[in-house]
Every structure is written in structure tokens, then in C-alpha cells.
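Residues per chain are reported as follows:
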Amino acid sequence: MFKNAIHLVKRFTSSLSFKISFYAGLVMFLALLIFSYKTILSQESDSIKKTIKEAIKDSGIIKVAISNDMMTKEGERIREIVNAIGTSGEFNRINIYDRNGVLHYSTKQIAASKPADFSHDSLLHDLKSNPSVRQEISKDGSTVTVVNPILNSGNCSSASCHAHPESEKILGAVEMKIGLRNLRQEINKNSNRTIVFATALFLAISTMSGAAVLLFVNPSIKDLQEKASKMAKGEYVPSTPAPGKDEMAELTRAFDYMSLQINQRTRQLDASQRMYKALFDEAPCYLVVIDKNFRISRANGTFQAQFGDKTGQHCFVGYKGKSSCCNNCPVEKTFEDGDAHQSEEIWHINGQESHVIVKTSPIFDESGQLTEVLEMAVDVTLLKKLQFRIEQQRHEFQYLFENVPCYLTVVDHDFNIIRHNNFFVRDFGIAEGKKCFQVYKGLEEKCENCPVEKTFQNKEMNYSEEIWRRNGEDTYIIVHTAPVTDENGAITAVMEMSTNITEIKRLQGQLSILGETIAGMSHSIKNILSGLQGGVYVIDSGLTRGRDDRVKAGWDMVKHNVEKISDLVKGILYASKEREPDYKNYELGQLVTEVCDLFESRARDESVQLIRDFEHKIAPCLIDPVGLHSALSNLVSNAIYACRTAETEATHCVIVHARVYGEKIIIKVSDNGVGMSQEISENLFTKFYSTKGSKGTGLGLVITRKVITEHGGVISVESREGEGSTFTIELPFKRIIDVHKTEKANSLNFSYD
Amino acid sequence: MARKILVIDDEPDMVTFLSTLLEDNGYEILTAVDGDEGLHKVKTERPDLVSLDLLMPNKTGIKMFRELRKDPDISNIPVVMVTGFATDDAPNMDFKKWINERSIRPPEAYIEKPVDTVNLLNEIKRILG
């Protein structure tokens, strides 16, 4: 009950209406008090001044009144005057002293015969000398004393009564003591009235203003209070605008507007909060908030779906399966420096090793303190695998690029090589930055029909066949070019793939030679078959008609052609077989002589002069006499044939030259016969080629070259159509140690004309 | 009176064979071993038909044929070309040239080695009428 009362009082005293009314009243009250006090003070001082003035006036009157009486020494009269004045006013006492301080007259006291002691009296101590009227208020303020000295006027010094000497200026003094009590009582009465009035005013104003506040302010405040509490709960919806024109109504309207704004903001805030919550929960990565003790304080839906609720656990235990903090922990770093950090980690998710990229960022509280760290983890295992595979493939392609057996170069717009492969380096060395035409062909300017240039223009693959001269040999190259483009499809460079096709070209040549060989051989066989057919017919005819001469002629034809086919087959076998020369010690001069002897009679028959330009004994050496004999025979036979078929009337001759020059054996067979066109002489040793119609097999020079090559030598020909030909054989000179071991070659019984 | 045929071939076997074959079939035979001799005999003996080998020394068959066709005295004498070249090869090498040179009439017949005797005799019969 008591408590309730106190509570009510407290509530009341703390209410706005109480405070307003109390302080308004109090201000009025104090103002009135101060004003009254000031007024009373000045009233008091005025009254005292007035009293003193009157006292001085009265003392003057007394002085005048008593001056005659003094002189006449009518003491009684003076006493009466003093008493009359003394009882009329507020005077407490009136004393009249002579100049020696002897009290002569007093309203209360009996006159004294002895002078009073004024040594301590502030007004009367200089009674004899001070001629001025003076006053003093007693220390307790209850009385005021006025001293008015009685001066020696003319009468006094001259009158006969009791004449005062002229030297005595001051004869005595009238002292008046006036009581101030009544005055003060009046003033007190006034001030009491003022206090009562002020209190009444205070109460009136307090009540009035309290009532005003209660009536006009409180309801609005209550209303606002209710609205605010509703708003706080989010229930307040302002409906109609508040009526009224005073400040409270304005305030209410402002409040309504504010609450509308707040509602709207709150809704927006709610929506964005929901959105962020959804983002946080459904983000396709693990989002974990970790506190300073490395404990999980929150985690998003993705994390919880994978690892379950791990709130409160240490992060390294919760999802990394460790017993202590990780090395290089980005969370720790973020706690240390307040910056974002990143690391790549390997986690075990579903029992599988997973590559995870972890990023951390600081979370600050309202006071700017770093309290937590947000850890974002993205599983990049698939990406890693892909990256690994790409890397692997890159390596494979790199390997292919480097080791593919052709020259690969990448060239820019200015034909500078910007990359090349190992195969290229093997043959050309490091050439990055050099011009491709310089490196490949030793040219100073770009090649004609450059496929690289074409590819830069048409953005397509191009190719060209080229011949490079390297180390004195022709190399056949097929060059393919392909564009190298950037992401936008613009050509940045061109890849040039150069394949050495010399071997293929050689095989191609051999294949075509084989074709021609077969055609040539078919032709020979056809000729022989014709001969055989003819022989058979002639024998038939002879037998039918009984003509032995025909039978004999036919039989000769058959024998002759069988021989021819036998030679052909032997020749083919010789040409097609890989064999080592059958080296023997032999005298070179003897071998050449034997060949010349063999053709001596035929040359004579054909009217061709066979000139021997060599010594009978040249040098004993290691040669295959059988092979070399047939090779040389072919050349001499061909030379004689060339002379025979020449259409000029000149004397034809064949010169056989043989000598040892240093480490080489040189054998030359020259003629001034028909000669050959360039085309024929170029293909002479490779193609099975015959100009002798049915008489030639086309095998002769092929076999000759084979023999020379097997000896490690070379054969070449110089020829001009209509002027003749010179065949030159160069053989390495292989000396024998014992000259006496030189053997005679067996006579060679087949030729290849 | 038997018709006169000139057999020109550098291969003696071929000459013997063709002479025997044509003699047996009632023709009178003349022979030559190269183009020069052949052309000479054409002019002197005036054969009714010439059998000519394509590839020969001392004027190849083609050369001799051209001269024969260019000489107005003898250009109308029919020629049977005998050769070891296959028919598909020969046109590439020579017939094209003949066609290009319009003044030259191609040979009346073309016989491949080995000679098909029946074919040869039929062709000669056809040419000589």
C-alpha cells in the first residue's frame, strides 16, 4: 500500500505535467520573491533615511528651542521641551550634553554631575571638536543615533548669562536615539504578505499549467506512446491523418509519416534480409562463420547438407577431420591482420579426396571489433581434374609438337619464327626471332608463292612443294601451313609444317622406273616372242613344203631367240640382286685391254676407230673383274652403237681412257656419235631405257651403274646431241699388297647390249 | 601376177618370218634392213604395199614413213606399220603427231608384235583389194 503510494507519487512527480506545472509555478514564485525582497529592502532604507532626517530636524528644533532657555538657564523649560519631543515620536531617548560630556538633560536618565566617558563612543568621542551633524545605526539595527552639536553662536559668548568664551566653538551636543522596531515590524508584515501571495500564485499557476498539460498534451503523448509501442511491434498502420492544427497534431502527423517510412524501410529490410539469408543458405559453396576460438558459430544450408550441424565444434574437427589447427590457416591469418586470405586445401568429402579453395574475410561488430571470420569453401575437384587432364593433354600435344618427325615452326606476320619444335632444332638449331626464309632456305627475302603469306590472307590451310638445297643436296619438302588464331578468331600466327619427302620422292622415282622397266622388258620379251613365233612359222612352212633350208633358218631363229631370252633373264637377275663385289687382285690395264680386244672386230665392222688411251700395265688393284668387265663392255658397246647410228659422215671413233689419279681410278669412254638430249642423259642410269629398238633390253647402263656403285664409285655422263658422249667412271683405288697374286680374269661370256 | 610387198625390218628374224609368211600366201617379197634401204627400194621397185617396222636404225620407221608420204611419187603406196609398241602407247607417241601434221595420211594398217598372222593377211588383202 505504502509502496504503491510511493510508486504513484514517483510516477506523478516524474510525469511531464507535474514537471511543467511545478517548474512554471516555481519560476513565478521565485521571481515574485526576489522582486518583493528588493522592494522591501529599498523601502526599509528609505524609511530609515526619513527617520534620521526627521531626527536631525527634531534635534535642530530642540537646539533652537533650548538656546534661549539655555542662556536663561531655565532648566525646567528645556526638560519639558525635550520630554515633549521625546515622547512624541519614536524617540527612545534624547540626551543633551555640555562640551565636557556632562549630561544635562535626558528623557530617561537623570542628569549627571560628572562627565560621561565617550572614549568608546563613535559619535561623541570628538564632542569638543566635531561641529558636524552625524548619525549611526546600532549594530543590531534596532536604533539609530543622531548627534547634533550645539555651536557657540554670537549670543552665547556675549550674553551675560553664563557667557561662553568665544574660543569654545562647540558648547555641547544633542544626542537622539530613535528605535527602529516599529518600522521593521511593518516591513516584516509586508514581506509575509508577499510570501503568502507568491505561494498562492505559485499554486495557481502550477494547477493551471498542469491542467493544460493534462488536457491538451498528455492525451496526444499517450496516443503517440501507444502508436510507438504498436509500431515497435510492427502492428501500427496509420489510417486517417490526425485532426487539429496545433503542434501536437503536427507532431502526430509527422509521427505517422515517420512510421509509414519506417514500415516501408522495415519491409525492405525484411525482404533483403530474407534474400541474404537465402543467398547465404543456398550459395553453392560452403559458408561457415568461425569465431576467435576456431569454433563454428554459423554455417549455411549447403554446408549443413554436406556435413550436418557442426555449430559449436572446432572448424578443423567439424569438417576437416583434424585434431589441431591446420597449417597456413587463412582464418587465423584473417584474425591476425583483418584482411581477406585464401588457401587451397584438400578435404575428405564422402571419403574422397577433394580439392577445395578456401577464402576468408573478416566480420566486424558494431564497434568495429573483428569478432568472427567468414570462411567460403568451393569444391574445385572437378575443375582440378579437368585442369589436370588439360595439363596432361597439353603435355601430350607439346610432346607431339616437339617430336613429330617434321619441322614445325610458328611464324608471325613478319615471318619471324616465334616457336619451333625439337625436330627443327636438330637440323637448324635455335632460330627463334629469325626469318623463316632465312633459316630454311638462306634467302634474303620471302619466298615466291609463300604458303604462310597465303594462309595469313585466306585464313585457310595451304601447302606447297619446295626444294631446299642443304649441304649441297636437294631436299624435297612439302610445306603445309595452318592458321593460329586467338579467342576471337583473328589470325595471330601461322604454323608451318615442313615434311622431308626426299625419300618418298626417291621411292616415287624408283616406282616410276620400275613401271618403265617392266614396260621396257615387256617390249624386249615381245620382240623375242616375235622372233620365236617367226622361227616356229618358218620351220612349219619348211616342213610343210619340204624345204630344209627353211627348217634350218627357222631353227636358227628359235635358237637365237632362246639365247636372247636367257641373256635377258640373267641380266634382270643381276640387276635386281643386292650383291657385294667379288674383289680380286687384278691388273687394271689388263682388264681394259681385254674389253677393247673383245670389241676390236665389231668396231672394225662398223667402221669405228677404237682408240686405246692407256698403258697395258696401269696398276694392280682390288676390283671385281667380272663385274667391271661387263660394266666397261656395256659402255664400249654403247659407244660403238652411238657412232654407228650417227648420221654424220665424219670418221667415228671411240676413245677408252684409263689411269690412276692419286687415290682414284678414272676410266673414260668417249665417242663422237649421236649424242643424247639432256632429258635422256639425265635419266640414263635410272631408267631401263633403250634406243636400240628390238636389239636393246634397256638393262645395260643400269647394270653398269650398279657395278660401279657397288665398288664405291660414281659414274657420270657428258653428252651433246649430234656431237657425242663421254662416260666417266671414278673408282676408289684399292692397292693390293702382293703384286704377284694378280690373277687373270675368266673370260666373260655375256654382254648386255 | 603376184602383188609385190616390201618388208622393212632391222631384225633379220622378223624379215625371214614375214617373207616366209607372205611368200606362202602368194605374194612377191622384197626386203630391206633399214629406212634408207627401204626408201630406196620403194622408189626403185615400186611395191604394191610396204610393211614397215617402227623402230629401226638409220632412219627410224617414222622418219621413213614421213618421207614416203611426202614424196608425191610414192605417197599413195599403202603402208602397214609393224611395231612392238602396244597400240595404247603408239598413238600417244606418234599418231598425235600425224594427226597434227594434216598433210600426212596415217598408215593404212597397224599390226602389233607378236604378229597375228591371220590378222596381218586379212589387213593386206583388204588394202590390196
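As the structure is a prediction and not an experimental result, all values here were calculated from the model.

### Considering the sheet that holds strand β14 (residues 473-485) of chain A
All names here are of chain A. The strand order across the open sheet formed by five strands is β12-β11-β15-β14-β13, and the pairing between neighbours is antiparallel. Looking at strand neighbours, the two that pair on one side only are β12 (417-420) and β13 (462-470), the edges of this open sheet. Direction aside, the axes of adjacent strands within the sheet are offset by 30° on average. Strands β11 (407-411), β12 and β15 (491-500) of the sheet are contacted by helix α10 (residues 381-403), whose axis makes an angle of about 105° with β12. Along the sheet face, helix α13 (residues 451-458) touches β11, β13, β14 and β15 and points at about 145° away from the line of β15.

### Some details on the domain arrangement of chain A
Residues and elements named next belong to chain A. Splitting chain A by domain gives domain 1 (14-232), domain 2 (237-279), domain 3 (283-386), domain 4 (404-499), domain 5 (507-565) and domain 6 (579-741). Taken residue by residue, the interface counts nine residues in domain 1 and eight residues in domain 2. Both sides together, the interface formed by domain 1 and domain 2 hides about 660 Å², and carbon and sulfur atoms give 81% of it. Among the residues domain 1 hides against domain 2, the three largest losses belong to Leu224, Lys227 and Met231. Together they make up 73% of the total. The tally of links between domain 1 and domain 2 comes to one salt bridge. Salt-bridge contacts for Lys227 lead to Asp256; the nearest nitrogen and oxygen are separated by 3.4 Å.

### Here's the deal with the packing of aromatic side chains
Centre distance and the angle of the planes are the two values used to describe a pair of aromatic rings. Residue and element names in this part refer to chain A. Inspection of the entire model under this criterion finds 22 aromatic pairs over all chains. Ring geometry for Tyr407 versus Phe423: centroids 5.3 Å apart, planes at 40°, classification tilted. In this pair, Tyr407 is assigned in strand β11 and Phe423 in helix α11 (residues 422-428), connecting sequence segments 16 residues apart. This pair shows no difference in class: Tyr407 is buried, exactly as Phe423 is. Through pairs of rings, three or more aromatic residues link up here, namely Tyr407, Phe423, Phe424, Phe428, Tyr440 and Trp468. Cation over ring: Arg419 sits above Phe401, and NZ or CZ is 4.5 Å from the ring centre.

### Some words on the environment of B:Met1
Residues and elements named next belong to chain B. Tracing the backbone through its elements, the reader meets Met1 in the segment before β1 (4-8). With relative accessibility at 94%, the residue Met1 sits in the exposed group. Taking the C-alpha atoms as reference points, Met1 and Tyr27, 26 residues apart in sequence, are found 9.2 Å from one another.

### So, helix α5 (residues 117-128) of chain B
Residues and elements named next belong to chain B. In this model α5 runs 16 Å from its N-terminal to its C-terminal C-alpha over twelve residues, within 8% of the 16 Å that 1.5 Å per residue would give. Taken as a whole, α5 has its buried residues at Leu120, Leu121, Ile124, Ile127 and Leu128. Angularly, the buried residues of α5 cover 130° about the axis, an arc narrow enough to put them on a single face. Opposite the buried face of α5, at more than 90 degrees from it, the exposed residues are Val118, Lys125 and Arg126.

### Concerning the nonpolar core
Residues and elements named next belong to chain A. Core analysis: the biggest nonpolar cluster contains 45 residues, and Val592, Leu610, Val636, Val654, Val656, Phe727 and Ile729 have the highest contact counts within it. A total of eight residues in this core trace back to one element, the largest contributor, which is helix α17 (residues 625-645). When sequence neighbours within four positions are dropped, the list of residues in contact with Leu610 reads Cys596, Phe599, Glu600, Ala603, Val636, Val654 and Val656.

### Examining the pattern of salt bridges
Residues and elements named next belong to chain A. Tallying each qualifying case throughout the model produces 35 salt bridges over all chains. Arg426 is paired through a salt bridge with Asp427; the nearest N and O atoms lie 3.3 Å apart. Arg426 sits in the exposed class, given a relative accessible area of 57%. When its relative accessible area of 26% is taken as the criterion, Asp427 is described as partly exposed.

Reading the values: the criteria
- Residues numbered from 1 in each chain as written.
- Chains lettered and ligands numbered in written order.
- Predicted model: local features only at pLDDT ≥ 70, side-chain atom pairs only at ≥ 80, totals over all residues.
- Heavy atoms only, no water.
- Pairing = 2+ DSSP bridges.
- Helix = DSSP H or I, 4+ residues; strand = E, 2+ residues; numbered from the N terminus.
- Axes fitted to C-alpha atoms, helices over the stretch in contact; angles between N-to-C directions.
- Contact = heavy atoms within 4.5 Å.
- Domains from an automatic or database assignment.
- Buried area = accessible area lost by both parts, 1.4 Å probe.
- Salt bridge = Lys/Arg side-chain N within 4 Å of Asp/Glu carboxyl O.
- Phe/Tyr/Trp six-rings, centres within 6.5 Å; stacked < 30°, edge-to-face > 60°.
- Buried < 20%, exposed > 50% of the residue type's maximum accessible area, 1.4 Å probe, protein only.
- Lys NZ or Arg CZ within 6 Å of the ring centre and 35° of its normal.
- Expected span 1.5 Å × (residues − 1).
- Arc of directions from axis to C-beta.
- Core = buried A, V, L, I, M, F, W, Y, C linked by side-chain atoms within 4.5 Å.

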